[in-house]
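Understanding the architecture of this molecule
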Amino acid sequence: MNIDVKEMLEGKVNITSFRYVETLETMEGLMFDDLPEVEGKLKRIERRKLLLACKVKTRVLLECSRCLDVYPQELEFSYEEVYTEEPLRIIGKLTEEDFKYTIENNMVDVSKSVRENIIMNLPIKPLCREDCKGLCPVCGKNLNREKCNCNLEDITIEY
Ligand SMILES: [Zn+2]
Ligand SMILES: [Zn+2]
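Summary of the structure given here. (Residues numbered from 1 in each chain as written. Chains lettered and ligands numbered in written order. Predicted model: local features only at pLDDT ≥ 70, side-chain atom pairs only at ≥ 80, totals over all residues.)

A few words on the pairing of strand β3 (residues 32-46). Looking down a regular strand, the side chains alternate between one sheet face and the other. Sheet topology note: the strand β2 (residues 15-21)/β3 ladder contains seven bridges and is antiparallel. Within β3, the position partnered with Phe-18 by the bridge is Gly-40. Bridge count for β3 against strand β4 (residues 49-63) is 11 bridges, and the pairing is antiparallel. Across the sheet, the residue bridging to Phe-32 is Val-60, located in β4. Linkage of β3 to β4, two consecutive antiparallel strands, is achieved through a turn of two residues. (Pairing = 2+ DSSP bridges. Helix = DSSP H or I, 4+ residues; strand = E, 2+ residues; numbered from the N terminus.)

Here it is, written out as structure tokens:
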């Protein structure tokens, strides 16, 4: 989602609110059960700086790290990012933060930060459920769905 911020940069408008649902195209590399619902505000904090505050609600599809099944993971979080005009046009000292999200042609690309913040909020070790039994290391059966007769105590490691 691109938001025209020309009037904000000119100082005519100080706050812009928006609400929309992301498209799959802007969320490259992610899969969803429910596309992200985004609710946010842009606020002018300096002459060429806008603060973006967003609330995101979505259900991503992840692969369970134990049983390898794909499952829907609910995510709900808020974040804030600063968007600045193209760094070359800013006078003064630049920090790394100034280069992260830029306002190009008076447009703020909200989806870019939504995507990056979804990735940051993904669980490190995704689990389809807390007590996922995983796969049997011997026969490979998904132990959430079926039982197997392998006796795991018999496994010995030979060197
Ligand atoms: Zn699992
Ligand atoms: Zn087994």
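A separate point is helix α3 (residues 110-120). Burial in α3 covers these residues: Val-110, Ser-113, Val-114 and Ile-118. Along α3, the residues classed as buried sweep out an arc of 140° about the axis, all on the same side. Across α3 from its buried face, at more than 90 degrees, point the exposed residues Ile-119 and Met-120. Where α3 is buried, its residues touch β1 (2-4), β3, β4, β5 (70-85), β6 (101-103) and β7 (107-109). (Buried ≥ 20, exposed ≤ 12 C-beta atoms within 10 Å, placed from the backbone. Arc of directions from axis to C-beta. Contact = placed C-beta atoms within 7 Å.)

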